[in-house]
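Overview (structure and organization)
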Amino acid sequence: MIEIRIHGRGGQGNVVAAYLLATTAFEDGRYGQAFPNFGAERRGAPVTAFVRISGQPIRRRCQVIEPAFLIIQDEALLHVEGVLDGLQPGGGILVNSSRPGEEIGGLIGREVMALPASPLASRILGRPVPNTALLAAFLALTELLPIDALVRALAGRFRGKVLDANSRLIEEAAGMVPVGQWKEASSETGA
Amino acid sequence: MKQALEGSQAIARAVSLCRPQVVSAYPITPQTHIVENLSRLVADGVLDCELVSVESEFSAASVALGAVAAGSRAYTASSSQGILLMSEVLFNISGLRIPLVMTCANRALAAPLSIWNDQQDSMAVRDAGWIQLYCADNQEAVDMTIQAYRIAERCELPVMVCVDGFTLTHTLEVLDLPDQQLVDAFLPAFHFDRKLDPANPISVGTLVSPEFFTEARYDHHQALLQSAEIIEQTRREWQDMTGRDTGGLLGVAGDADARVGVLVLGSITGTLQEAMEASTDTEPACLITLRAFRPFPEQALRDACSGLERLIVLERALSPGAGGIVGSEVRAALSSLDRPPRVFNFSVGLGGRDVPLETWSRALAAVAGNAGAGFDMLDLEPSRLPQEAL
């Protein structure tokens, strides 16, 4: 089972990202579980969501304390207490940022992969919503699930122009990261 | 068909499959998504029903009561303070033997204010005379919602299907949503003998003098007791049609020869089960999941617990000044066994506190130290208590 934690701010589509990732697992014939850890629900407030992906039915419902991967939708959250807690050794951190991953990683003393998801989404979707671009990059890095399963998951949630634009967005985002770089980390834990 | 759905969405779809004619509800976190999804199904023309927006939970329950009394299948849902506000009507619904189904998206009660999950709300209306069923996952939430209509209408009793707020309502997971044909075959069209009909006028809810009140209460009590068999029968019928054993009075998993057992209600079942299976260095144990809290499955519980030396009851509610609610009832029920297990009673996960995998090892360690022999809070953090309490 692979456990993933998504950090973002209210309004960035954190819960949707978690639901999409779990649905992508389902579209690929696996089991997915996703749920938010709501604080007070308001725009801009830090929000956490959890995702589990497994070949077997998922029974545990506790929060994800020791994730294999972190997806951070707002770079500033890297400096919020608790955000990096519990990340497994060798686990990956994917951050929405226009700065190079090495520069961000140097600040927090960890290896970080960066994707300028907000400007990318602004250009293609017309809105700086980073979630789907980050998911695509995450899938490319880990090769955990095929991108076309994400497209099918998106098709269950969006239609028409929004779906078309998101499909273009994820294709471009997936090409912006080194494919398979985190493959080992995603198989070690045995999904 | 298998789908990946948010719990609330799945529950709404299950309700819709039961073809309610009237839905009346007032929004409250974490119940809101259920009613929003039902509202969308009505707007999209999937569900043909009267959706009544009301100004309070009191009205939501009252409209649902009236709708069933007038011969319609009805539905409502609420949580927490909303359950309390409708509590007067809840007693009326059951006393009038109105076969209504509602979802309680379990949430803590204020004060202090909490929007998060525990089971204090449904436990607060434990004595309202409703059947209460608790779901471990969203598959059970779907299946038990559909079974609830069959049970309610067979027994002429209302059923409250309890699903843990957020932990189930806001969790997306893979589940099998039955098709309309199957539900139609399982659940006959609504029929209510005592429906209000101008052509055949009857009085409902009249004053009952001391000469008859005790008998009315006896009748209600007997109906609840007898519903146990209907709940089991409905479980078997559902299993025959779907192959899924979801429902019934209680479930038992784990080692059949175990001398240690743990009893839980609701969504902590899966976490406990996984933790117990993974803990190979501890003695074998069995997991008892109480699905029906009312009627209280006394006999089934005795059967499940005979042979146990120790039983750990974990619950997400509290009777301040007494201790556990479920634990007290379990102790009483088991006291007539020749060799009753020693019952250890803990609260866990109050007001949304996470129930981690370590809960199992923590419970075993606490019991070894004789904690919970009366009642204890397993996940209490003494450092967070006000200093004067230490």
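Conventions and cut-offs
- Residues numbered from 1 in each chain as written.
- Chains lettered and ligands numbered in written order.
- Predicted model: local features only at pLDDT ≥ 70, side-chain atom pairs only at ≥ 80, totals over all residues.
- Heavy atoms only, no water.
- Salt bridge = Lys/Arg side-chain N within 4 Å of Asp/Glu carboxyl O.
- Helix = DSSP H or I, 4+ residues; strand = E, 2+ residues; numbered from the N terminus.
- Contact = heavy atoms within 4.5 Å.
- Polar contact = N/O pair within 3.5 Å; in protein donor to acceptor, adjacent residues only side chain to side chain.
- Buried < 20%, exposed > 50% of the residue type's maximum accessible area, 1.4 Å probe, protein only.

**So, the pattern of salt bridges**
All names here are of chain B. This model, assessed by the stated rule, comprises 31 salt bridges over all chains. In this structure, E153 and R73 form a salt bridge, with 2.8 Å as the shortest nitrogen-oxygen distance. Remark: R73 occurs in the loop between α3 (57–69) and β4 (74–78) and E153 occurs in helix α7 (residues 138–155); sequence separation between them is 80 residues. Among the salt bridges present, the one from D176 reaches R244, with a minimum N-O distance of 3.2 Å. Of the two residues, D176 is situated in strand β8 (residues 172–176) and R244 in the loop between α9 (210–242) and β9 (250–254); the sequence distance between them amounts to 68 residues.

**Here's the deal with the environment of B:P178**
Residue and element names in this part refer to chain B. Position of P178 among the secondary structure elements: in the loop between β8 and α8 (180–186). Note: C-alpha distance between P178 and L318 (140 residues apart in sequence) is 36 Å. Not counting chain neighbours up to four residues away, the residues in contact with P178 comprise L17, V142, I146, V183, W238 and R244.

**Description of the side chain of B:R294**
Residue and element names in this part refer to chain B. Tracing the sequence through the fold places R294 in strand β12 (residues 292–294). Within the local environment of R294, its side chain forms a polar contact with the side chain of E329, the two groups lying 2.8 Å apart. If sequence neighbours within four positions are ignored, R294 has contacts with R126, D127, W130, I131, Q132, L224 and E329.

**Concerning unusual backbone geometry**
Residues and elements named next belong to chain B. Along the chain, A110 connects to A111 via a cis peptide bond; the corresponding omega equals -5°. With respect to the helices, strands and loops of the structure, A111 is situated in the loop between β5 (101–106) and α6 (120–124). A cis amide bond links R294 to the next residue, P295, at an omega of 0°. Structurally, P295 is set in the loop between β12 and α11 (298–305). Although it is not a glycine, S80 sits at a positive phi angle of roughly 45°. Of note, S80 is situated in helix α4 (residues 80–85). The class of S80 is buried, set by a relative accessible area of 0%. Positive phi, normally seen in glycine, also occurs at N370, with a value near 70°. Of note, N370 is situated in the loop between α13 (359–368) and β15 (376–377).

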